[in-house]
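One-letter residues, chain by chain:
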Amino acid sequence: MKIQCDVCERAPATVICCADEAALCAKCDVEVHAANKLASKHQRLLLQSLSNKLPRCDICQVHSLHSMSIF
């Protein structure tokens, strides 16, 4: 499941901003963090690098468990 951008709500998010607690697409990330000097210093993490560390949602977990079942 893709995480949508919290700002535009259309594009898939590519980063998480720790200070804003927001998921942002690349375009919105540039626009939001170019607003001022303080915002430009916010730590942001790439979602791609976090994807293996995040827990699966309930739906994904259920599907992966069913696919592993042996009947």
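The shown structure was predicted, so the numbers you read here are calculated from the model rather than taken from an experiment.

**Observations regarding the confidence of the model for the chain**
Moving on, step 1. Counting all residues, the mean pLDDT for the chain is 80, and 68% of those residues have values of 70 or more.
Moving on, step 2. When mean pLDDT is taken per element in the chain, helix α1 (residues 26-33) scores highest with 96 and helix α4 (residues 58-68) scores lowest with 51.
Moving on, step 3. Low pLDDT (under 50) marks residues 63-71, which in the prediction has one contact with non-local residues, meaning those over four places away or in another chain.

**Some thoughts on the pattern of salt bridges**
Moving on, step 1. Under the definition given, this model contains two salt bridges.
Moving on, step 2. Close ionic contact of Glu 31 with Lys 27 constitutes a salt bridge, the shortest N to O distance being 3.3 Å. One end of the pair, Glu 31, and the other, Lys 27, are both in helix α1, four residues apart, so they sit about a helical turn from each other.
Moving on, step 3. Looking at Lys 27, the relative accessible area reads 56%, which means it is exposed.
Moving on, step 4. Arg 44 is paired through a salt bridge with Asp 29; the nearest N and O atoms lie 2.7 Å apart. You can see Arg 44 sitting in strand β3 (residues 44-46) and its partner Asp 29 sitting in helix α1, a full 15 residues away along the chain.

**Considerations on unusual backbone geometry**
Moving on, step 1. Its identity is not glycine, yet Glu 9 carries a phi of approximately 60 degrees, on the positive side.
Moving on, step 2. Tracing the sequence through the fold places Glu 9 in the segment before β1 (15-17).
Moving on, step 3. At Glu 21, a residue that is not glycine, the phi angle is positive and equals roughly 50 degrees.
Moving on, step 4. Overall, Glu 21 belongs to the exposed group, its relative accessible area being 74%.

Thresholds, definitions, all that
- Residues numbered from 1 in each chain as written.
- Predicted model: local features only at pLDDT ≥ 70, side-chain atom pairs only at ≥ 80, totals over all residues.
- Heavy atoms only, no water.
- pLDDT = per-residue confidence, 0-100.
- Helix = DSSP H or I, 4+ residues; strand = E, 2+ residues; numbered from the N terminus.
- Contact = heavy atoms within 4.5 Å.
- Salt bridge = Lys/Arg side-chain N within 4 Å of Asp/Glu carboxyl O.
- Buried < 20%, exposed > 50% of the residue type's maximum accessible area, 1.4 Å probe, protein only.

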